[in-house]
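# Structural overview for review
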Amino acid sequence: MKRPSLTLLGVALIVLAFSHLQLATPLSLGEQWQTIRQPGDGQIEEMIFLHAHLPRTILAMLLGAAMALSGSLLQQLTLNPLASPMTLGTSAGAWCAIVLGGLLWPGSAIGIEWLALGGSLLSFLLLGALAGWRQLHGLGALLAGTALNLLLGSVAAIAVMMNDQYSRSLLVWGAGDLAQNDWYWVHWVLPRLLPALLLLPLLCRPLQLLQLGSEAAAAAGLNVLRLALVGSLLALWLNGLAISAVGLIGFVSLLAPALARLLGASRPADNMRYAALIGSITLLLADTLAMYASQWLSDILPSSAAAGLLGAPVLIWLCLKQPLADGVALLSSPGKSRRLLPLAFWLAAGLLILLLCALGSRDAGGAWVLGWPEAAIWSLRWPRLLAACAAGMGLAIAGLILQRLLNNPLSSPDLLGISSGASLGMLAGLLLGSSLSPWLFSAAGAALVLLALCWLAPRQSPARLILLGIGLSSLLEAVLQFVLAQGNNDSFQLLNWLAGSTYHTTAAQAASLFGLVSLLGLITLGTARVLTLLSLGEAHARATGLDVRHARWVLLLLAGLLSLVISSQFGPMAFIGLVLPQLAIKLGARRLGSQLGLATLLGAAMLALADLASRTAFFPNQLPVGALGSLACGSLLLLALLSSPRSRT
């Protein structure tokens, strides 16, 4: 493909900027120029143009370039064509730090950009520990980034729900909209952006050497560690500026450098120049679409949602086309498992936990109570407890199937996109305002994704299926921003459901969910031999006469059904399916039968404890079980990482 010149892209940017301004104001181009040359106390249209539309256009160009340069740096540093602050989880870290900083230290003198930088840096360090610093070029880094997005999203969601008054404005701001009331953010961004832009040319030659590989670059005299440190900090700073100014806007940082590379700009300096222009064009185009669509909608469409709707299909296309290393560092080490205690011990411990969770509560004065509750209270408590246990069991079983099937310890139901499908269905139900139950919409969304996965399973590799799940999750984020930006009761209802609430579970729903999960768990036990063969490798499985293609399809359907029945009722629950099968191995359950039994028991006990905590930890307020379970499992994962040898290297 013949590469367009920078001049041509620059002209396209200028034309788009004029179109962006023209769409927003009734003033002609001549009147706009006159208003810029001689600002004063003119007509109201001139004031709005000068203090709202013009800074919005300039801010879109500045932040589009900043986000694109951030993505370009990360892709060149990690040698991963799909790396970006969004896919590596650093944007979620920045957002989570800003939310927590605003809630815990509302009058703090710490600048919002430093909170964003600190949060994104911490999440980047966690990513390196999770995926391995030498594996950031592969699929494992994207899986780890998605897991971090889920963990940090749970933390931010809990913080938002516990602070209703503050969080309404936070939701609107964080949705990522470029609307401006004055020149404040342009003046704020410029002095922080320019020094970073001056440093970028100094990194071009080292980045060119790094394309040879880190070992070859080090042999040529390059200080790879210093380059990684400086380049990463610069990339996180650029992205943190954008998040601090307008909230979360994904995709630009991923798409702009990827499109620049597709146009032939593969050298570091070329890629950064082209990416900066394409980033500005992309964000201007998304904001133009948002402004145009808002004229026809009852609510304002935020710029981030428009960027997501434009970028998600391109991301899915890139996931299918881009070559990517599949290497994933194992979380579990065969030498690290402890001696397996008898299953009877774990069964007794699990039953004791369940009994404590059923009987534990707080009285009206907030004092702890351990005893059989009154009949009315028990009739409300047992359905949610049973539903939580069933959800934990089902997710643990689904995670075990996927990890054995894909031979990948970072696989989990959240990453296949089924939870995202359920969430999109729920969103569609809310947006349509239908009188039908939202459960039907969420079940329909999850079922559509499951059907698509079953169709794709024989045609795509397991790694590609996970990448498609990541793309679908990104699309969900885009639509979610649109709903949350309204900051109304529907936004909080949706946020509550996404966090995994079991408040309104009826006895019939709990019993049917438990029965269905138990039935699917028994079927999984019947596939033990097939799972064991697949976990030894596809070649070995074929040598035994196994129809690998058919077996993969059936097991994927089984894991998908488990995810569907849980996600359609309680929304996405992160980390549970990822961590508990690994925890069972850590405790010594290496054979499939014992791992399945122990992971199921751990899932029930974990979600039962989350249910107890949701009722009592912030009494009389209640928190969603899914968010607490995700936090607990995410914390277990971090503890495991800190104790692993890789985290110390």
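Residues numbered from 1 in each chain as written. Predicted model: local features only at pLDDT ≥ 70, side-chain atom pairs only at ≥ 80, totals over all residues. Heavy atoms only, no water.

The name an unreviewed UniProt entry gives the chain is Fe(3+)-hydroxamate ABC transporter permease FhuB, with Chitinibacter mangrovi as the organism. You can read under Sequence similarities (unreviewed entry) in the UniProt record for the chain the words "Belongs to the binding-protein-dependent transport system permease family. FecCD subfamily." Word for word, the UniProt comment on the chain under Subcellular location (unreviewed entry) is "Cell membrane". (UniProt positions renumbered as here; feature names shortened; annotations may be inferred.)

## Details of the packing of aromatic side chains
Throughout the structure, instances matching the rule amount to 4 aromatic pairs. The interplanar angle of 80° and the centroid separation of 5.0 Å between the aromatic rings of Tyr-184 and Trp-185 together place this pair among those described as edge-to-face. With relative accessibility at 47%, the residue Tyr-184 sits in the partly exposed group. A centroid spacing of 4.7 Å and a plane angle of 40° characterise the contact between Trp-372 and Trp-378, whose relative ring orientation is tilted. We classify Trp-372 as exposed; its relative accessible area is 61%. What links up through ring pairs into an aromatic cluster is the set Tyr-184, Trp-185 and Trp-188. (Phe/Tyr/Trp six-rings, centres within 6.5 Å; stacked < 30°, edge-to-face > 60°. Buried < 20%, exposed > 50% of the residue type's maximum accessible area, 1.4 Å probe, protein only.)

## Here's the deal with unusual backbone geometry
For Leu-79, which is not glycine, the phi dihedral falls at a positive 55°. Secondary-structure assignment places Leu-79 in the loop between helix H3 (44–78) and helix H4 (90–104). By relative accessible area, which is 41% here, Leu-79 ends up partly exposed. (Helix = DSSP H or I, 4+ residues; strand = E, 2+ residues; numbered from the N terminus.)

## Some thoughts on the nonpolar core
By size, the foremost hydrophobic cluster in this structure holds 157 residues, and its most contacted members are Leu-63 and Phe-575. Looking at which element gives the most residues to this core, the answer is helix H15 (residues 375–406), with 16 residues. In contact with Leu-63, other than residues within four places in its own chain, are Leu-178, Val-189, Ala-242, Ala-245, Val-246 and Leu-283. Judged by nonpolar contacts, the second largest core, of 11 residues, contains Trp-95, Leu-103, Ala-116 and Val-160. (Core = buried A, V, L, I, M, F, W, Y, C linked by side-chain atoms within 4.5 Å. Contact = heavy atoms within 4.5 Å.)

## What to know about the confidence of the model for the chain
Averaged over every residue, the pLDDT of the chain is 78; residues scoring 70 or more account for 80%. When pLDDT is averaged over each helix and strand of the chain, the minimum, 60, is found for helix H7 (residues 164–174) and the maximum, 90, for helix H20 (residues 507–526). This stretch, residues 326–336, has a pLDDT under 50; its non-local contacts, to residues over four places away or in other chains, come to 30 contacts. (pLDDT = per-residue confidence, 0-100.)

## Considering the pattern of salt bridges
Overall, the coordinates contain 4 salt bridges when judged by the stated rule. Measuring nitrogen to oxygen at the nearest pair gives 2.8 Å for the salt bridge that ties Arg-384 to Asp-611. On the criterion of sequence distance, the pair formed by Arg-384 in helix H15 and Asp-611 in helix H25 (residues 592–616) is long-range, its members being 227 residues apart. Comparing Arg-384 with Asp-611 shows no difference in burial state: the two are buried. For Asp-611, the salt bridge is made with Arg-615, and the minimal N-O distance between the two is 3.4 Å. In this pair, Asp-611 and Arg-615 are both assigned in helix H25, 4 residues apart and thus about one turn of the helix distant. The exposure classification of Asp-611 matches that of Arg-615, with both residues buried. Salt bridges here are not isolated pairs; linked through shared partners, they connect Arg-384, Asp-611 and Arg-615. (Salt bridge = Lys/Arg side-chain N within 4 Å of Asp/Glu carboxyl O.)

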